[in-house]
Amino acid sequence: MKRLHVHVSVEDLAQSIRFYSALFGSEPTVAQPDYAKWMLEDPRVNFAISARGRKAGLDHLGIQVETPDELEQVYGRLKEAEGPVIEEGETTCCYAKSEKAWTVDPQGLLWESFLTTGESTIYGDDPALDAARNRQSACCTPPAPQGVCCSPKPERDASASCCGPTETA
C-alpha cells in the first residue's frame, strides 16, 4: 500500500512540532534536532518537516511504497509521465535508508518516489535532490561538473542544456 509523502521546510522546528502534533493528534514518530516526521494512518501520509536552512514552505511531495514491486510500478509510472527521472538508488536521507528516484512536474514541483529500507542515525546527504532543485531553475551558465550529464529540458530548445545528473528515459 502506498502512502503520500509531504515535506515542509520550517523556520521554527519546535513551534512547528507543537502545531502539527496538535493538528494530527499525535507526537512525531521521528524527532531530531532538525527534522520531525509523522507516519499517519488517517489520512495515510508520511508528513515531514525540517529546519535545514531552506526557504520555509512546501519542500517536495512524494509517494512512499512498502515493497520493491510497488517501487518498480511507481518508477514505471514516472517514465510514462515523460518528465526527467533522476534515479538515486540506495541512499541515506532524512534519518532513513531508502531507495529512491526524483522527478520534477511541469510546474517545477519536486516529487520523490521511495522505499524505506531502514533507519539511520544521520540525516544524510541527498545530492540527487540538490541536483533536481538546481535543474528546475535557470539553465547552466558555467559548464556542468564532470560526471554530470546535461540534456535539454523538454520545454526548451534542444540546443539549450540544463544542469542535472544523468537521467533515465
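Since the structure is predicted, the reported quantities are computational estimates derived from the model, not experimental observations.

Asks: Can you help me understand the sheet that holds strand 6 (residues 85–93) in this one?
Replies: In a beta sheet, neighbouring strands are held together by backbone hydrogen bonds and run either parallel or antiparallel to one another. Reading across the sheet, the eight strands line up as 2-3-4-1-5-8-7-6 and stay open at both edges, with mixed pairing between neighbours. Each end of this open sheet is capped by a strand with a single partner; those strands are strand 2 (30–32) and strand 6. Direction aside, the axes of adjacent strands within the sheet are offset by 20° on average. Note: strand 2 against strand 3 (residues 35–41), three bridges, orientation antiparallel. If you follow Ala31 over to strand 3, its bridge partner there is Ala36.

Asks: It is not clear to me how the pattern of salt bridges should be interpreted in this structure. Could you clarify?
Replies: Two side chains with opposite charge may pair up if their charged atoms get near one another. Tallying each qualifying case throughout the model produces six salt bridges. One salt bridge in this structure joins Arg44 and Glu66, with 2.2 Å as the shortest N-O distance. Taken together, the positions of Arg44 in strand 4 (residues 44–50) and Glu66 in the loop between strand 5 (57–65) and helix 2 (68–80) put the pair 22 residues apart, joining distant regions of the chain. Between Glu87 and Lys79 there is a salt bridge whose closest N-O contact spans 3.5 Å. We classify Lys79 as partly exposed; its relative accessible area is 36%. In this structure, a network of salt bridges that share partners links the residues Arg3, Glu41, Arg44 and Glu66.

Asks: What's the story with the side chain of Thr91 in this structure? I'm lost.
Replies: Tracing the backbone through its elements, the reader meets Thr91 in strand 6. On the accessibility criterion, Thr91 (13% relative accessible area) is buried. Setting aside residues up to four positions removed in sequence, Thr91 forms contacts with Ala96, Lys97, Ser98, Lys100 and Asp125.

Asks: What exactly am I supposed to notice about the pairing of strand 4 here?
Replies: On a regular strand, each side chain points to the face opposite its neighbour's, so the side chains alternate between the two faces of the sheet. Where burial is concerned, most of strand 4 is hidden: six out of the seven residues are buried. Pairing of strand 1 (residues 3–9) with strand 4 involves six bridges; the strand directions are parallel. Residue pairing for strand 4: Ser9 is matched across the bridge by Ser50. As paired elements, strand 3 and strand 4 share seven bridges and run antiparallel to each other.

Asks: Please explain the environment of Trp102 as it appears in this structure.
Replies: Summarising the element assignment, Trp102 is placed in strand 7 (residues 96–104). Given the relative accessible area of 0%, Trp102 is considered buried. Among the polar contacts listed, one links the side chain of Trp102 to the side chain of Glu88, at a separation of 2.9 Å.

Asks: Can you help me understand the packing of aromatic side chains in this one?
Replies: Each aromatic ring pair is characterised by the separation of its centres together with the angle its planes make. Per the counting criterion, the structure on display carries 10 aromatic pairs. Ring geometry for Tyr35 against Tyr123: centres 5.8 Å apart, planes inclined by 75°, an arrangement best described as edge-to-face. Taken together, the residues Tyr35 in strand 3 and Tyr123 in the loop between strand 8 (110–119) and helix 3 (127–135) connect sequence positions 88 residues apart. The burial state of Tyr35 is the same as that of Tyr123; both residues are buried.

Asks: When you look at helix 2 in this model, what are you seeing that I'm missing?
Replies: Helical periodicity: at 3.6 residues per turn, an α-helix aligns residues three or four positions apart in one direction. In this model, helix 2 (13 residues) spans 19 Å end to end at C-alpha, consistent with the 18 Å of a helix rising 1.5 Å per residue. Residues of helix 2 that are buried: Glu70, Leu71, Val74, Tyr75 and Leu78. Each buried residue of helix 2 sits inside an arc of 140° when the element is viewed along its axis, so together they form one side. Projecting away from the buried face of helix 2 at angles above 90 degrees are the exposed residues Asp69, Glu72 and Glu80. Residues of helix 2 that are buried in the fold lie against strand 5, strand 6, strand 7 and strand 8. Following helix 2 by one or two positions, Glu82 has its phi on the positive side, about 60°.

Definitions and limits used
- For every chain, the first residue of the written sequence is number 1, and numbering continues from 1 along that sequence.
- Residue-level local features of this predicted model are given only where pLDDT is at least 70; pairs of side-chain atoms are given and counted only at 80 or more, and the full residue set underlies all totals for whole chains, interfaces and linings.
- As a rule here, side-chain values cover all heavy atoms of the structure and leave hydrogens and water aside.
- DSSP-based pairing: two strands are paired if at least 2 bridges between them are found.
- Here a strand is any run of E in DSSP of at least two residues, a helix any run of H or I of at least four, and the numbering for each starts at the N terminus.
- For helices, the fitted line uses only the C-alpha atoms of the stretch in contact; every axis is such a line through C-alpha atoms, and the angle between N-to-C directions lies from 0 to 180 degrees.
- Salt bridge criterion: a side-chain nitrogen from Lys or Arg within 4 Å of a carboxyl oxygen from Asp or Glu.
- Only protein chains enter the accessibility calculation, which uses a 1.4 Å probe. A residue is then buried if its area is under 20% of the maximum for its type, exposed if over 50%, and partly exposed in between.
- Throughout, a contact is declared for two residues whenever any of their heavy atoms are within 4.5 Å.
- Counting of polar contacts relies on pairs of N or O atoms within 3.5 Å, with two restrictions inside protein: one atom must be capable of donating a hydrogen and the other of accepting it, and residues adjacent in sequence are counted only when both atoms are side-chain atoms.
- In this analysis, rings of Phe, Tyr and Trp, with Trp reduced to its six-membered ring, are considered paired at centre separations within 6.5 Å, and the interplanar angle assigns stacked below 30 degrees, edge-to-face beyond 60, and tilted for intermediate values.
- How far a helix is expected to stretch is found by multiplying one less than its residue total by 1.5 Å.
- Directions drawn from the helix axis to the C-beta atoms are what define this arc.

Note that every value here comes from positions in space, so none of it alone points to a role or purpose.
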